[in-house]
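Close look at the chain arrangement
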Amino acid sequence: MSIDISERPDGMAAPAHPEDPYLVVESLTVKFPTHDGLVQAVTDLSYTVDRGKTLGIVGESGSGKSVSSMAVLGLHDPKHTRLSGSIRVDGAEVIGASEDRMRKIRGNSVAMIFQDALTALHPFYTIGDQISEGYRIHHRVSKAEAKKRAVEMLDRVGIPQAGRRIDDYPHQFSGGMRQRAMIAMALVNDPQLLIADEPTTALDVTVQAQILDLLQDLQREFNSAVIIITHDLGVVAELADTTMVMYGGRAVEYGATREILTHPEMPYSWGLLGSVPDVTGDADARLIPIPGNPPSLLNPPTGCAFHPRCPHVDKVPGDLCRTTLPDLVPGDRGENHLKRCHLANPGEIYAEEVLPEIAPDLIDPTTGELIPELATVDPDEV
Amino acid sequence: MSIVTNSGIERAPEDSGASVGNDTLLEVRDLKKYFPVKSGGVIRRTVAHVQAVDGVSFTLGKGKSLGLVGESGCGKTTTGRLITRLYDPTSGEINFEGHDIGPLTRRQMMPIRSEIQMIFQDPYSSLNPRHTVGTIVGTPLRVHNMVPEKKTLARVQELLEVVGLNPEHYNRYPSEFSGGQRQRIGIARALALQPKLLVADEPVSALDVSIQAQVVNLLRDVQDEFGIAFLFIAHDLAIVRHFCPEVAVMYLGKIVEIGDRETIYEHPHHPYTQALLSAAPDVKQAAIGGRRERIRLEGDVPSPINPPSGCRFRTRCWMAQEICAKQEPPLLQIGKTHKVACHFAGEMHEAPQRPVTTGLLGVDDQGNPSNGTPVAEIHDQPGYADTWFDLKTQSVTSST
Ligand SMILES: Nc1ncnc2c1ncn2[C@@H]1O[C@H](COP(=O)(O)OP(=O)(O)OP(=O)(O)O)[C@@H](O)[C@H]1O
Ligand SMILES: Nc1ncnc2c1ncn2[C@@H]1O[C@H](COP(=O)(O)OP(=O)(O)O)[C@@H](O)[C@H]1O
Ligand code: SF4
Ligand code: SF4
Ligand SMILES: [Mg+2]
Ligand SMILES: [Mg+2]
């Protein structure tokens, strides 16, 4: 559903062209004043998401993934948050928009799926009431019509006998069913932008796969833009068109998913890839953990925020890593692959030092390149 | 096999554990745990039972690792808690170093308790927030009189060092540590008693990926150094594959497939194992793009209060036939170190046309008793026999 132009407060940008990105985030900075000081949760973050495309955001907990996405929905309490930058949804500015206007956007053109379904659903209302309520806020329909819509949605997300389960309370649903009910709630108004914040982290692989299928089907049907926040690189690999790696509140690598996961150029991304075993790799290979702990956002490290944990600091001349924040700029791999790191020859280091350690079975010994044929499935079958 | 009741101990005759070799540490035989479901009201009657664990058998060698995987609620944690005797078994045997610890009382368990330790899933709730790390790690040492009181602190510091924490931090509280560090404290506590067996229940699931790798490597190191055997419970198939040379797949309270890592991951013969493996997203897919070919499992795991008849997986199985509803498939050994419980056991796209279990069960292809005689109940045996049923030749084979 696009936003009605007549509702735009004065001074807003003209409605975007359909080819323009549906979501544009520019220099977003989010700070929280607290007793201990100012938490710099998100700093100078920029990205875009096109209609029908999926952006994957990865990073360890506390890296600012949720805070940045909640800003898109205007979910931060203005009294306790300092927000700057620009967030445009279908051309319309969100930062500074009135709560009234945000409520119109939220759950209508933009919807969010939260990690924990149980906290997102109200325990005292039936599943059906909660879904139809979301529909009635944005549509002038009778209760019966809204309920019909709710049954339809539950059915779509694969709840068997939706008509009979509609009057159940959340605790009567299993974990996977609750997650699906929440997705039904998020999708009831056919949102143009869907933000899924770790939608499957707490779920079994089989349920996770069902939910991911569902997101993909719905995206295809409505050509929606999707942001999927996860710490599972496998999910990103299979679902996201573009990927952004966050560290300490900033984007540290950003580009096409295939680029980022097969030719990562930033040591933190290397660390993430080396930390996870996968179901097909060498079982006896040792995992390469990232040493140390995530940075403090009250007192972020100087220079590159990753420098206290980075094994490659010595390869950068002078004291640059400790003193100077690297810009997020294209490296050798072209305009569509941005990285925030001082290393001059990341491609070489990755091929010669990192890859042999994290995925020795995947390298062609002569070219030093990843061998795609070793990945298990024929692309035609996908 | 002897029958174990809760009132008296009837030790199994020593020769009953024929398969218990010298290097077997733990042998679990037909282990069951049924939780009563009570009615509401003043008089709370037992109206049903949750069959959380229903006849599980396996062995674990000294210093070895067995992985336990399966969907939420399939009975992994309950199995772990039975073995550590946090729960009393409903029936079955838990032979630890040749003795059934299932029927032991709290007091009788005391000397053995130090040898079987557990690491919990949640590093936040499993540590007492009001106790210092020194107290948390030192308490088991004191309770079991492991070291003279004067030497407790030195031992605690030694343990902290082993798990990669600063030994000077013994005076700090759990809240002062990160999730990964808290999990290390839990590991130090478990190591304090120099256990022979560690039951690790989702030891890294609550941690960030970058920290998971630190903890997994630590567990590997302590296993190598101290020769500890692991029962490693996790729903992350990649982590289990990485840690365990042997893997058991559970579904609704039963083991449906068990075998060496290579067989389970490369040649799974049970449809559920195949579905689980195909569902795990793979980073390498990035090089290809798009989703991997997957088996779409429909529906949820049925209730363990009233599991489906016959094969418990049949309500979600794309290969289910008449026999699957009528007969429970026995856990059949089909390789040197490979057992599977499926009437149509076979590799993906190569499942047999006719059930492979009919001879064993004495039934026809539809699962009806072939000459009117009732089907004998077949109990799973722990470990592997020297002979097995070869699926290709449809006959009993041995390695020699
Ligand atoms: N104390 C209890 N009383 C009644 N039922 C229980 C109890 N503990 C577990 N159950 C039930 O037993 C079954 C097995 O539970 P268990 O905790 O072993 O699952 P699990 O495989 O560890 O799952 P998860 O992956 O979610 O940790 C579930 O149906 C659960 O609801
Ligand atoms: N309301 C708040 N007040 C203060 N700090 C906050 C608030 N919300 C989040 N933070 C902090 O902001 C940082 C980023 O959080 P978040 O975006 O939730 O991380 P994640 O990447 O795990 O989603 C964390 O350090 C978190 O503690
Ligand atoms: S800028 Fe320096 S510290 Fe930061 S990631 Fe690159 S090499 Fe490491
Ligand atoms: S026994 Fe039948 S229902 Fe069970 S897994 Fe095998 S084919 Fe499927
Ligand atoms: Mg978050
Ligand atoms: Mg559990």
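The model shown is predicted, which means the values in this text are computed figures rather than measured ones.

1. A word on the pairing of strand E4 (residues 82-89) of chain A
Residue and element names in this part refer to chain A. Taken together, the seven bridges between strand E1 (residues 23-34) and E4 define a ladder with antiparallel strand orientation. Bridge pairing links Lys31 to Arg82 in E4. Across two bridges, the pairing between E4 and strand E5 (residues 92-93) is antiparallel. Bridge pairing links Val89 to Ala92 in E5. The hairpin formed by E4 and E5 contains two residues between the paired strands, and Asp90 there has a positive phi angle of roughly 50 degrees.

2. Observations concerning the nonpolar core
The biggest cluster of nonpolar side chains holds 76 residues, and the ones touching the most others in it are Phe230(B), Phe232(B) and Leu237(B). Ranked by residues supplied to this core, first place goes to helix H6 (residues 209-226) of chain B with seven residues. In this structure, Leu237(B) is in contact with Val205(A), Val279(A), Val69(B), Tyr265(B), Leu276(B), Leu277(B) and Ala280(B), ignoring residues within four places of it in sequence. Residues Leu28(A), Ile57(A), Ile105(A) and Met112(A) belong to the second largest nonpolar core, which totals 37 residues.

3. A word on the interface of chain A and chain B
Contacts between the two partners involve 60 residues from chain A and, on the opposite side, 46 residues from chain B. The junction of chain A with chain B conceals about 4,800 Å² of combined surface from both sides, 54% of it contributed by carbon and sulfur atoms. If you sort the residues of chain A by the area they bury against chain B, Val205(A), Glu238(A) and Val279(A) come out on top, with a joint share of 15%. Mapped by element, the contributors of at least two residues to the side of chain A that touches chain B are helix H7 (175-187), helix H8 (205-222), helix H9 (233-239), helix H10 (257-262) and helix H11 (267-275) of chain A. A per-class count over the side of chain A that touches chain B returns 30 nonpolar, 15 polar and 15 charged.

4. A word on empty space enclosed by the protein
Residue and element names in this part refer to chain A. The full count for this structure, using the stated rule, is 11 cavities of 30 Å³ or more. Taken together, 14 residues make up the lining of the second largest cavity; nearest its centre are Pro267, Cys304, Cys310, Cys321 and Cys341. Its residues assigned to classes, the lining of the second largest cavity comprises 11 nonpolar, three polar and no charged.

5. Comments concerning helix H13 (residues 346-358) of chain A
Residues and elements named next belong to chain A. In a regular helix each residue adds 1.5 Å, so 13 residues correspond to 18 Å; H13 covers only 16 Å between its end C-alpha atoms and thus falls short of that length. Among the residues of H13, those classed as buried are Pro346, Ile349, Tyr350, Val354 and Leu355. On the buried face of H13, the contacting elements are H10, H11 and strand E12 (337-339).

6. Quick look at the confidence of the model for chain A
As a note on interpretation, predicted positions should not be read in detail where pLDDT is low. Taken as a whole, chain A shows an average pLDDT of 85; of its residues, 88% reach a score of 70 or greater. Considering only residues more than four positions removed or in separate chains, one finds that residues 1-14 of chain A, a stretch of pLDDT under 50, has 28 contacts.

7. Concerning the site of ligand 2
Residue and element names in this part refer to chain A. Of all residues adjacent to ligand 2, which total 13 residues, the nearest are Gly62, Gly64, Lys65, Ser66 and Val67. Take Gly62: an N or O atom from its main chain is 2.7 Å from an oxygen atom of ligand 2. Residue Gly64 places a main-chain N or O atom 3.0 Å away from an oxygen atom belonging to ligand 2. Protein contact buries 63% of the 560 Å² of open area that ligand 2 shows by itself. Going through the elements one at a time, E1, strand E2 (37-49) and helix H1 (65-72) are the ones with two or more residues in the shell around ligand 2. Looking at the shell around ligand 2, the element that brings in the most residues is H1, giving three residues.

8. Considering the pattern of salt bridges
Scanning the entire structure with this criterion turns up 28 salt bridges over all chains. Note that Lys315(A) and Glu353(A) form a salt bridge whose closest N and O atoms lie 3.2 Å from each other. Taken together, the positions of Lys315(A) in the loop between H11 and helix H12 (320-323) and Glu353(A) in helix H13 put the pair 38 residues apart, joining distant regions of the chain. One connected set of salt bridges, linked through shared partners, spans Asp54(B), Lys254(B), Arg312(B) and Glu328(B).

9. What to know about the sheet that holds strand E11 (residues 329-330) of chain A
All names here are of chain A. Spatial strand order, E6-E7-E8-E3-E9-E10-E12-E11: eight strands in an open sheet with mixed pairing. Edge positions in the sheet fall to strand E6 (110-113) and E11, since each has one partner strand and no second. With two bridges connecting them, E11 and E12 associate as antiparallel partners. Within the sheet, the bridge partner assigned to Val329 lies in E12 and is Lys339.

10. Description of the sheet that holds strand E3 (residues 65-69) of chain B
Residue and element names in this part refer to chain B. Spatially, eight strands are ordered E6-E7-E8-E3-E9-E10-E12-E11 in an open sheet, and the strand pairing comes out mixed. Each having just a single partner strand, strand E6 (116-119) and strand E11 (332-335) make up the two edges of the open sheet. Here the strands of the sheet are splayed against their neighbours by 20 degrees on average, with no regard to which way each runs. As judged from the three bridges shared by strand E10 (residues 254-260) and strand E12 (residues 338-340), these two strands associate in the antiparallel manner.

11. A few points about the packing of aromatic side chains
One pass over the structure, following the stated rule, counts 10 aromatic pairs over all chains. Relative to Phe313(B), the ring of Tyr251(B) has its centre 5.1 Å away and its plane inclined at 85 degrees; by these criteria the two rings are edge-to-face. Pair noted here: Tyr251(B) is in strand E9 (residues 246-251) and Phe313(B) is in the loop between helix H9 (271-279) and helix H10 (322-326), with a separation of 62 residues, a long-range link. Residue Tyr251(B) shares its accessibility class with Phe313(B), and that shared class is buried. An aromatic cluster of at least three residues, connected via ring pairs, comprises Tyr247(A), Tyr268(A) and Phe306(A).

12. Regarding the packing of helix H3 (residues 133-143) of chain B against helix H5 (residues 179-191) of chain B
Residues and elements named next belong to chain B. Viewed as axis vectors pointing N to C, H3 and H5 meet at an angle of 25 degrees, and their least axial separation amounts to 7 Å. Considering their axes alone, H3 and H5 lie roughly parallel with respect to each other. Considering only the axes of H3 and H5, their crossing is right-handed. For the pair H3 and H5, contact is made by Val133, Ile136, Val137 and Pro140 and by Ile185, Ala188 and Arg189, respectively. Grouping the amino acids of the contact of H3 with H5 by side-chain chemistry returns six nonpolar, no polar and one charged.

Definitions and limits used
Residues numbered from 1 in each chain as written. Chains lettered and ligands numbered in written order. Predicted model: local features only at pLDDT ≥ 70, side-chain atom pairs only at ≥ 80, totals over all residues. Heavy atoms only, no water. Pairing = 2+ DSSP bridges. Helix = DSSP H or I, 4+ residues; strand = E, 2+ residues; numbered from the N terminus. Core = buried A, V, L, I, M, F, W, Y, C linked by side-chain atoms within 4.5 Å. Buried < 20%, exposed > 50% of the residue type's maximum accessible area, 1.4 Å probe, protein only. Contact = heavy atoms within 4.5 Å. Buried area = accessible area lost by both parts, 1.4 Å probe. Nonpolar A, V, L, I, M, F, W, Y, C, P; charged D, E, K, R; others polar. 1 Å grid on protein atoms, 1.4 Å probe; cavity = no way out; pocket = protein on both sides within 12 Å on 5 of 7 lines; lining within 4 Å. Points joined across faces, edges and corners; volume = space filled by probe spheres on them. Expected span 1.5 Å × (residues − 1). pLDDT = per-residue confidence, 0-100. Near = heavy atom within 4 Å. Polar contact = N/O pair within 3.5 Å; in protein donor to acceptor, adjacent residues only side chain to side chain. Areas by Shrake-Rupley, 256 points an atom, 1.4 Å probe, with all protein chains shown as cover. Salt bridge = Lys/Arg side-chain N within 4 Å of Asp/Glu carboxyl O. Axes fitted to C-alpha atoms, helices over the stretch in contact; angles between N-to-C directions. Phe/Tyr/Trp six-rings, centres within 6.5 Å; stacked < 30°, edge-to-face > 60°. Parallel < 35°, antiparallel > 145°, perpendicular 65-115°, else oblique. Left-handed = near helix turned anticlockwise from the far one by under 90°.

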